[in-house]
Amino acid sequence: IAAHEFGHLIGASDEYEMPATAADIPADVRRRLTPMERRHSTWAGVSPDAAPEDEHDRTTHTIMGDQTPIAEFRHVEAITTWFNENMLAPGEPRYLVNTHAYPDGDRASH
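Just so it is clear, the model here is predicted, and its values are computed rather than measured. (Residues numbered from 1 in each chain as written. Predicted model: local features only at pLDDT ≥ 70, side-chain atom pairs only at ≥ 80, totals over all residues. Heavy atoms only, no water.)

Comments concerning the overall build of the protein chain
Put simply, the rule is: Numbered from the N terminus, helices here are DSSP runs of H or I no shorter than four residues, and strands are runs of E no shorter than two. Buried residues are those whose accessible area, probed at 1.4 Å on protein chains only, stays under 20% of the maximum for their type, while exposed residues exceed 50% and partly exposed ones sit between those limits.
Looking only at helices and strands, the protein chain features 5 helices and 0 strands. Mapped from its N terminus to its C terminus, the protein chain presents α and β elements in the order α-α-α-α-α. For the protein chain, the spread of C-alpha atoms along the three principal axes comes to 45 × 40 × 25 Å. Counting only residues that meet the buried cut, the protein chain has 27% of its 110 residues in that class.

Quick notes on a nonpolar patch on the surface
Using the following cut-off: Patch membership requires more than 30% relative accessible area and the absence of a salt bridge. Residues of like charge join within 9 Å; the nonpolar side chains Val, Leu, Ile, Met, Phe, Trp and Tyr join within 5 Å. Per-residue and other accessible areas follow the Shrake-Rupley method at a 1.4 Å probe size, with only the shown protein chains counted as cover for residues. What makes a salt bridge here is a side-chain nitrogen of Lys or Arg within 4 Å of a carboxyl oxygen of Asp or Glu, nothing more.
The grouping of Ile-79, Trp-82, Phe-83, Met-87 and Tyr-95 at the surface amounts to a nonpolar patch, some 490 Å² of accessible area in total. Along the chain, Trp-82 turns up in helix H5 (residues 73–86). Trp-82 sits in the partly exposed class, given a relative accessible area of 43%.

What about the pattern of salt bridges?
Following the criterion strictly, the structure yields 2 salt bridges and no others. Among the salt bridges present, the one from Arg-74 reaches Glu-15, with a minimum N-O distance of 2.7 Å. Residue Arg-74 is located in helix H5, and its partner Glu-15 is located in the loop between helix H1 (2–9) and helix H2 (27–30); the two are separated by 59 residues in the primary sequence. Residue class for Arg-74 comes out buried when judged on its relative accessible area of 14%. When its relative accessible area of 1% is taken as the criterion, Glu-15 is described as buried. Linking Arg-39 and Glu-77 is a salt bridge whose minimum nitrogen-to-oxygen distance equals 3.2 Å. Highlighted residues: Arg-39 in helix H3 (residues 35–40) and Glu-77 in helix H5, separated in sequence by 38 residues. Classification of Arg-39 by relative accessible area gives partly exposed; the value is 37%. When its relative accessible area of 14% is taken as the criterion, Glu-77 is described as buried.

Topic: the environment of Glu-85
Within the secondary structure layout, Glu-85 lies in helix H5. Glu-85 gets classed as exposed once you look at its relative accessible area, which sits at 57%. Note: C-alpha distance between Glu-85 and Pro-48 (37 residues apart in sequence) is 29 Å.

Points about the confidence of the model for the protein chain
The cut-off we apply is this: The pLDDT value expresses, per residue, how confident the predictor is, ranging between 0 and 100.
For the protein chain, the mean per-residue pLDDT works out to 88, and 90% of the residues sit at or above 70. At the level of individual helices and strands, the protein chain shows its lowest average pLDDT in H3, which scores 92, and its highest in H2, which scores 95.

Observations concerning a negative patch on the surface
Where we set the bar: By the counting rule applied here, Lys and Arg register as positive and Asp and Glu as negative, while His and the ends of each chain are not counted. Just so you know, the charge point we use is NZ for Lys, CZ for Arg, CG for Asp and CD for Glu.
A cluster of like negative charges, contributed by Glu-17, Glu-53, Asp-54, Glu-55 and Asp-57, occupies part of the molecular surface. Inspection of the secondary structure assignment puts Glu-17 in the loop between H1 and H2. Note on Glu-17: relative accessible area 39%, which makes it partly exposed.

Here it is as structure tokens:
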């Protein structure tokens, strides 16, 4: 639970019972979201699969979804982008997130 809540502190959205698309987010809420937040807040934005009909099935198998110990780039994209835009000294190289899979293919164990 702590890792999931920390994800919120660094800008990650919940990924359970997600709206299928941005059109499913109430308009008053959708207007306040950045493009990145809209993308990260919908099933269409986080999954290549078609959205399940039942919203209860639109939960990712990640730390921000069913709290499986898997983190994806989108979970750190907001804080990495903010840090690169606001905290680097002139000429300092931007921070990158290594998104390669581990050799054994099991990111959850690392």
